[in-house]
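Reading the structure
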Amino acid sequence: MKRFLLNLPIARLFLILNVSSATFVLLIALSVYLIYRAQQDLEHSFDKRYQSYLLADEIRQSSDDLTRFARLYVVTGEPRFKQYYEDILAIQEGTKPRPQNYNRIYWDFLAHDQQKPRPDEMAIPLEDLMQNYGFTAREFELLQKSKNSSDGLAATETKAMQTLESTMHTDSAREEGAALARKLMHDEEYLAYVANIMKPIDEFYGIVDERTNNEVALYKSRIRTQLIVLMAMVLATLVVMFVSYFVIRMKVSDPLRLIYKEALTGFNNKINIDSSDEIGVLANAINRISEDIKIKTAFVKAIGDGDLSQTLPVTSEEDKLGTSLLKMREDLTKIREEDTRRTWTNEGLARFGEILQQNTDMQSVCEKLLSNLVRYVNANQGGLFLVEQQKDK
């Protein structure tokens, strides 16, 4: 693995690290988004559960309120109690606006001071509210069954109120009608209607509990799973960052530090970087340049010491420095040869001039000139020829 990393090009390494980091960041962002969505679904599930209870409780509470106002009307004969009774039915059917926060205490306050505790909102049938909150078919069936039983109970209550109203023309008839109406409102059939209303609601509570608990458990499970994935992604990102630090240090920082250290010493030593990436290629190039500089330095030193016989390998036509140094050697060689010839000529002329000055005898002059000339030019033998010219010619 280390060998693979050392030979991996730095550009490709950074591409891999950047892509990996970007991938983990995107996965973390996706996990956070999924957790947020699961949390929203969980809150929505809690809200649906709460609203389901409120609607079921409204049916139960409305049934109790209808019974209470019907009995109050039967006992007291006050028309407002009948009006409250009819208003409750109208609100359920959606023909009368619903009061704000209808799930809170409302009819007790209205029955006491005959003032609405809160203003009305828009009218909407109870069945529509049940459909809007996404009840299952079974849940809707149970609430509808309870509502139908409530409608049946309302028919009995209406009958009781009508019985009372039909006997109000005389005191004796009114008393008899009131007794019959009270009986209708308290007999076993009436109580059976009440039980039939409450039984589906009780079953509804159980089904809603089971459904919403399952939904809550599902969303909580999703959140836990996403949290685990998120922690794994964060841990993986930290691992990538940790590995990136050591890989970059191994492939970039440490080799550059070694190159800088060698640069301070003038690259006297070879840079040992065992890799084939960009840093390794750079180190090898520096080593070649350093070695080439050493060879050229030795060449220049030898030239400076007067050794013009040194050779210098030229790596390529682009080696301007090597070509210039060779030309310098050739120029110095030519200058030395010219100086040598000039010196040889001057020394010879001086020597032969001295012989001519020190000797006057022709025989002696010729012998010394010939002897010195043979030695000076490194000849094997030599000779002098005198040319005699006749006067008449």
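For the structure itself, look to the data block above.
In this text, all values refer to a predicted model and were calculated from it rather than measured experimentally. (Residues numbered from 1 in each chain as written. Predicted model: local features only at pLDDT ≥ 70, side-chain atom pairs only at ≥ 80, totals over all residues. Heavy atoms only, no water.)

Considerations on the overall build of the protein
Counted only if it meets this: Strands here are runs of E lasting at least two residues and helices are runs of H or I lasting at least four, both read from the DSSP assignment and numbered beginning at the N terminus. It is over C-alpha atoms that the radius of gyration is taken, and the globule rule equals 2.2 Å times the number of residues to the power 0.38. Exposure classes here rest on a 1.4 Å probe applied to the protein chains alone. A residue is buried below 20% of its type maximum, exposed above 50%, and partly exposed in between. The contact criterion used is simple: two residues touch if any of their non-hydrogen atoms lie within 4.5 Å. Note on areas: these come from Shrake-Rupley sampling with a 1.4 Å probe, and a residue is covered only by the protein chains present in the view. As used throughout, the charge tally considers Lys and Arg to be positive and Asp and Glu to be negative, leaving His and the chain termini uncounted. For this purpose, a charge sits on NZ of Lys, CZ of Arg, CG of Asp or CD of Glu.
Helix and strand content of the protein: 11 helices and zero strands. Reading the protein from its N terminus to its C terminus gives the helix and strand order α-α-α-α-α-α-α-α-α-α-α. In terms of C-alpha radius of gyration, the protein reaches 60 Å, well past the compact-globule figure of 21 Å for 393 residues. A burial count over the protein gives 34% of its 393 residues as buried. For the protein, the proportion of contacts with a sequence separation of at least 24, taken over those separated by at least 6, is 64%. Total accessible area computed for the protein in this model is approximately 25100 Å², and 58% of it derives from carbon and sulfur atoms. Across the protein, the centroid of the 49 positively charged side chains sits 8 Å from that of the 56 negatively charged ones.

Quick word on the packing of helix α2 (residues 10-76) against helix α6 (residues 137-166)
Formally: To get an axis, a line is fitted to the C-alpha atoms, and for a helix only the part in contact is used. The angle between two axes follows their N-to-C directions and goes from 0 to 180 degrees. Any angle from 65 to 115 degrees is called roughly perpendicular, while one under 35 is roughly parallel, one over 145 is roughly antiparallel, and all others are oblique. Gly is placed with the polar residues, together with every amino acid not listed as nonpolar (Ala, Val, Leu, Ile, Met, Phe, Trp, Tyr, Cys and Pro) or charged (Asp, Glu, Lys and Arg).
Interaxial distance between α2 and α6 falls to 10 Å at its minimum, and their mutual angle equals 10°. The orientation of α2 relative to α6 falls into the category roughly parallel. Judged by residue contacts, A56, I59, S63, L66, T67, A70, Y73 and V74 of α2 engage L143, S146, S150, L153, E157, A160, M161, L164 and E165 from α6. Looking at side-chain class alone, the contact of α2 with α6 contains 11 nonpolar, four polar and two charged residues.

With respect to the packing of aromatic side chains
Put simply, the rule reads: Centres within 6.5 Å are what make two rings of Phe, Tyr or Trp a pair, Trp counting through its six-membered ring; a difference in plane orientation under 30 degrees is then read as stacked, over 60 as edge-to-face, and the rest as tilted. We count a charge as sitting over a ring when the NZ of a lysine or the CZ of an arginine lies within 6 Å of the ring centre and within 35 degrees of the ring normal.
Considering all chains together, one arrives at eight aromatic pairs under this definition. Judged by centre distance (6.3 Å) and plane angle (75°), the rings of F81 and Y84 are edge-to-face. Placement of the pair is F81 and Y84 together in helix α3 (residues 79-93), with a separation of three residues, close to one helical turn. Classification of F81 as buried rests on a relative accessible area of 6%. Overall, Y84 belongs to the buried group, its relative accessible area being 7%. Centroid distance Y84 to W107: 5.9 Å. Interplanar angle 50°. Geometry classified as tilted. With Y84 in helix α3 and W107 in helix α4 (residues 107-113), this residue pair connects regions lying 23 residues apart in the sequence. Comparing Y84 with W107 shows no difference in burial state: the two are buried. In this structure an aromatic cluster arises from ring pairing among F69, F81, Y84, Y102, Y106 and W107. Sitting over the face of the ring of F69, R68 holds its NZ or CZ atom 4.8 Å from the ring centroid.

A closer look at the side chain of E215
Tracing the backbone shows E215 in helix α8 (residues 188-264). If near-sequence neighbours (up to four positions away) are discounted, E215 is found in contact with S45 and K48.

Concerning the packing of α2 against α3
Threshold: By convention, the crossing between two helices is left-handed when the near helix turns anticlockwise from the far helix through less than a right angle, and right-handed when the turn is clockwise.
The interhelical angle for the contact between α2 and α3, taken along N-to-C directions, is 155°, at an axis separation of 8 Å. Regarding the angle of α2 to α3, the classification is roughly antiparallel. The hand of the α2/α3 crossing is left-handed. Touching S62, D65, L66, F69, A70, L72, Y73 and T76 of α2 are P79, F81, K82, Y84, Y85, I88, L89 and Q92, all from α3. A breakdown of the residues in the contact of α2 with α3 according to their chemical character gives 11 nonpolar, three polar and two charged.

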